[in-house]
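Per-entry structural report
Read off the chains here:
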Amino acid sequence: MWVSYQPFLLSQGYKLRPRYSPDWKPSWKDSDDDSQICLREDSITPWRADVVMDAKRAIDNSHVVLKRVMASSQEVQIAQFLSSPALASDPRNHTVPLLATIYHPEEDVVFLVMPVLLDMNFLPFRRLGEFAEA
């Protein structure tokens, strides 16, 4: 699914992982060593990849999250409302800020662009109790 959105998102300034390029070829096909397939970046499918995907924003190369939602969903209006300047500056507002809203021109789809809050490869917890308290 993300492969079909890749050219449009690239035209909007967001680059998906190489495996979502229309001309992608698996890196492990060029290797005789099958023992390391799971360690290759293009063999990993992100969790909830049907809805959420990471990308790089071309303008500053920052790591962002794209969330695909239906344009008719109330989630779009709620996210925009909570990210409005008045509410975004409210210290009680703990929602993830919306960096951009990208409407697909041919489908009833909107991409909500948000910052990556935590790199899941480097969790700040050392013990289970710290995680449970967070």
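Residues numbered from 1 in each chain as written. Predicted model: local features only at pLDDT ≥ 70, side-chain atom pairs only at ≥ 80, totals over all residues. Heavy atoms only, no water.

**Topic: the environment of Met70**
Going by this rule: By definition, any uninterrupted DSSP run of H or I lasting at least four residues is a helix, any uninterrupted run of E lasting at least two residues is a strand, and each is numbered from the N terminus. Residue contacts follow a heavy-atom distance rule, with two residues in contact if any of their heavy atoms lie within 4.5 Å.
You can see Met70 is positioned in strand S3 (residues 62-70). When near neighbours in sequence (up to four residues on either side) are disregarded, Met70 contacts Val76 and Asp108.

**Structural notes on the pattern of salt bridges**
Keep this limit in mind: Basic side-chain nitrogens of Lys or Arg form a salt bridge, by our definition, when they fall within 4 Å of a carboxyl oxygen of Asp or Glu. Buried residues are those whose accessible area, probed at 1.4 Å on protein chains only, stays under 20% of the maximum for their type, while exposed residues exceed 50% and partly exposed ones sit between those limits.
Here the structure, examined in full by the defined rule, presents four salt bridges. Of the charged contacts, one joins Arg17 and Asp54 as a salt bridge, the two residues approaching to 2.9 Å between their closest N and O atoms. Linking Arg17 in the loop between strand S1 (14-15) and strand S2 (52-57) with Asp54 in strand S2, this pair joins segments that are 37 residues apart in sequence. On the accessibility criterion, Asp54 (14% relative accessible area) is buried.

**Here's the deal with the nonpolar core**
Short version of the rule: Joining through side-chain atoms within 4.5 Å is the link that ties buried Ala, Val, Leu, Ile, Met, Phe, Trp, Tyr and Cys residues into a set, and such a set is a nonpolar core.
Trp2, Leu9, Tyr14, Leu16, Leu66, Ile102 and Phe111 are the most contacted members of the largest nonpolar core, which totals 15 residues. Elements with a minimum of two residues in this core: helix H1 (2-11), S2, S3 and strand S5 (109-115). Within the second largest apolar cluster, eight residues are counted, among which are Val65, Val69, Val76 and Met114.

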